Amino acid sequence: MLSRRTTHDISISDRRPAREAAEAALVENYSGLVRLAYLILPPALGRHRRVLTAHTLVQRALPAAARRSGPEASGAGTPHPVPPGAGSPDAPETGSPPAPSVPGQRGGERPAHARLRATVVAAALHPTRRYAALVPLPLVLGLRLFPRAGGSEELALDRALAGTSPEVRAALALRTLEHLTEDAVVRLLASAGVAEPSAALRGADLIVADSGADVERLLRSAEFDPCTVQTRPTDLLRRSRHGRLAALAGALLLAATATVATGGLRSAPDPGPAGPVGSVSVAGSPPSLDPAALVRAPADRWADTARVDFTAWPARGPRTGDTALLGRALIAWGRGADGGARVTATPGTPTSQPADPPRLLFAGTVDDAAVVLLHDGRRLARYAEPRDGRGPVVLDLARADDADVTTGAAVVVGRTGAGTRFLLAPWIAGAGTRDLGSPGTAAGPLAVDPDGVTAPVPYDGAPAAAAACPRTTALQLRSSTRIVEDHAFLLADLGELTPVHLTWTPPPGTGAPARAPREATGARGLAAWARSACSLAGLHGAGVRAVNRWEYAEQALPERAGRAVWVCTRADTWEGGGRVALSFEVPAWRRVAEVRDTAACSRFGQHVLAGGYWTAPSGTRYFLAAGSRHVTGVTAGGAVSATGRGPVLAAAAGAEGPVRLTGRLTDGSDLSGLTAGPDPAAGAGATAGDPAAAGGGGPAADGGPGRPGRPSPPAVSGG
């Protein structure tokens, strides 16, 4: 929930304050008002335009919020009508009774400030209505402005704000930065024309709950401060090219004017528009397959947009002007397998032709193939044709909607026996490789050419057997400080067009709030993924977008045999679904269960409980169970009957068999648990670290999401 540290709300009248009072309030509170406008404005404007627009709205709020001094402004006059979202007058200047009021003033706050704030909110909610001047000020030419980049928490909050409505952003800013009461926010938003202000408040509460951080601290950071900005020049090459084109256009205009003045020339009939030189066209083909219609982003788009994904990629590669190659790639996408191409698609990816002209990301020669990379807003398409003309043309398609800084950071452009080459996003400032199985080894260097294509990265391919554990070489990438500071992350190649983002969530601390997934580039994160590297083997070709390893509980083992770490490994797919695997490490791992198409172990399924059999070094068998941080009690029934207080349970087991596991949550509700079958090491004297002890599994118990009587699928957590 939002902070309850609010000030008293005082109703204010519809009379506008004197201009002197409004000017003083504007100067005193200028930075806060600009930050408020910046947060409400749509992120689609880009950071440069948002900065300038925020300053423009605040500066132009002065005449809207103030009244002129002098006889015309006396108390005997008729109050000015209030525009949507307007604030307060300077009440002490008039002895007339207050007019109908709107919220916006805090206790001890000058009425003029409240009026300015309400005017800015109304203007930022409807920015297009506020551009009456032909050239609004401030005006910046030749430079791009943007706030300093923050850390990963600020980046996550920025993405959450970009995905919500201006009304929700306004409610969040008014509650956290301005400390208005809920009633004041509701009435201010209603007066600004918001249809459902209470819904906006609920949306703001949801953002705070999902962030798991101090939202006020983040909103007051440099990431959201449009008054302290960095500058970059605009695209100098494009400016130079535009200057030459302008000069050429001027010369042509003069020549055309001279020709018309002579009046002695007759033009031939217009034959109609000509296609581009070397273009490939097919009779009846739609415009989306025209290479001349391909969308190309500006080279610096990625540094000035809130949507840092494939839509911000510029067209790169030495063959972006090869219309014939681009035409063949588009025709292959339009015809699919009917055109002779070998088409592959990840699960859930349609193979139909694009409805609109796609975006060109890359065109060039990679190893022994000519490669074109396209993006139609939802899918990536990689077209490859052999340079020598021998071999099939290949078209690979993959879902790529809702990509972000990490999942949109790299795309496969070529695979050979030497490894995989990736095209890196333009915001990647550093790249290396690391063996997930060797967390203590430093990341190795990775060469990247000027177009963003990497040197070959080792790839062992999908495992030939279910029990195999191939070596996994991950990319370790670092984002540019122009979008986020100190942000490095891991990507693993699972045989598809886009590598998988790897994160981890550490065990809950005593009395600490719930922890959010974090990047696995630190020592603890790397050590955690070293134990789960084998889990990735079963995810090849499954359309996986990201995998998070959540260490949701720790448990002291009986007989002082050490500690067990309970892990939920969640794989999220591009389709939107997810699959989870639960296991415990002692330190050898024991799989418990795997569930597909579930919200478990995500922010929408934050409670989990699992249990399984374990054999101590003495040969005694135990049933162990552990739940997440909100589990206050665990009860086992069936082959084992035991009850424990707190989130963990350890009970001696006689005859092994199915166990019904139930947990009690802090709100008093019950949680069904997942359980594994008998320990295959029972009676064999197996100890921790014995491979035989890691192969257990069995039917899911009653009360769990698994299907009774069916063997558990291969585990996806290992080490």
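Cut-offs used in this document
Residues numbered from 1 in each chain as written. Predicted model: local features only at pLDDT ≥ 70, side-chain atom pairs only at ≥ 80, totals over all residues. Heavy atoms only, no water. Core = buried A, V, L, I, M, F, W, Y, C linked by side-chain atoms within 4.5 Å. Buried < 20%, exposed > 50% of the residue type's maximum accessible area, 1.4 Å probe, protein only. Contact = heavy atoms within 4.5 Å. Helix = DSSP H or I, 4+ residues; strand = E, 2+ residues; numbered from the N terminus. Pairing = 2+ DSSP bridges. Axes fitted to C-alpha atoms, helices over the stretch in contact; angles between N-to-C directions. Parallel < 35°, antiparallel > 145°, perpendicular 65-115°, else oblique. Left-handed = near helix turned anticlockwise from the far one by under 90°. Nonpolar A, V, L, I, M, F, W, Y, C, P; charged D, E, K, R; others polar.

### Re the nonpolar core
Then step 1. One finds Leu 189 and Leu 219 to be the most contacted residues of the largest nonpolar core, which totals 54 residues.
Then step 2. Each residue touching Leu 189, except ones within four places of it in the same chain, is listed here: Val 121, Leu 125, Glu 167, Ala 170, Ala 171, Leu 174, Val 194, Pro 197 and Ala 200.
Then step 3. Among the nonpolar cores identified, the runner-up in size contains 41 residues, and Phe 362, Ala 369, Ala 403 and Ile 428 belong to it.

### Things to note about unusual backbone geometry
Trans peptide bonds make up most of the peptide bonds, and negative phi angles are found at most residues other than glycine.
Then step 1. Even without a glycine there, the phi angle at Asp 367 is positive, about 55°.
Then step 2. At Arg 560, a residue that is not glycine, the phi angle is positive and equals roughly 55°.
Then step 3. Relative to the helices and strands, Arg 560 is located in the loop between strand 18 (544-556) and strand 19 (563-573).

### Observations regarding the sheet that holds strand 26 (residues 648-652)
Then step 1. Taken in spatial order, the four strands make up an open sheet running 26-23-22-29, and their pairing is mixed. The open sheet has two free edges, formed respectively by strand 26 and strand 29 (674-675), since each of these has just one partner strand.
Then step 2. Direction of pairing for strand 23 (residues 621-627) relative to strand 26: antiparallel, over a ladder of five bridges. Of the residues in strand 26, the one forming a bridge with Tyr 622 is Ala 652.

### Considerations on the environment of Pro 658
Then step 1. Position of Pro 658 among the secondary structure elements: in the loop between strand 26 and strand 27 (659-665).
Then step 2. Given the relative accessible area of 65%, Pro 658 is considered exposed.
Then step 3. Residues Pro 658 and Thr 675, spaced 17 residues apart in sequence, show a C-alpha to C-alpha distance of 7.8 Å.

### Thoughts on the packing of helix 2 (residues 30-40) against helix 4 (residues 111-125)
Then step 1. Closest axis-to-axis distance for the helix 2/helix 4 pair is 9 Å, and the angle between their directions is 25°. With respect to each other, helix 2 and helix 4 are oriented roughly parallel. Of the two elements, helix 2 crosses helix 4, and the hand of that crossing is right-handed. Only His 113, Leu 116, Arg 117, Val 120, Val 121, Ala 124 and Leu 125 of helix 4 make contact with helix 2, whose side of the interface consists of Leu 33, Leu 36, Ala 37 and Ile 40.
Then step 2. By residue class, the composition of the contact of helix 2 with helix 4 is nine nonpolar, one polar and one charged.

Interpretation in functional terms is not warranted from these geometric data alone.
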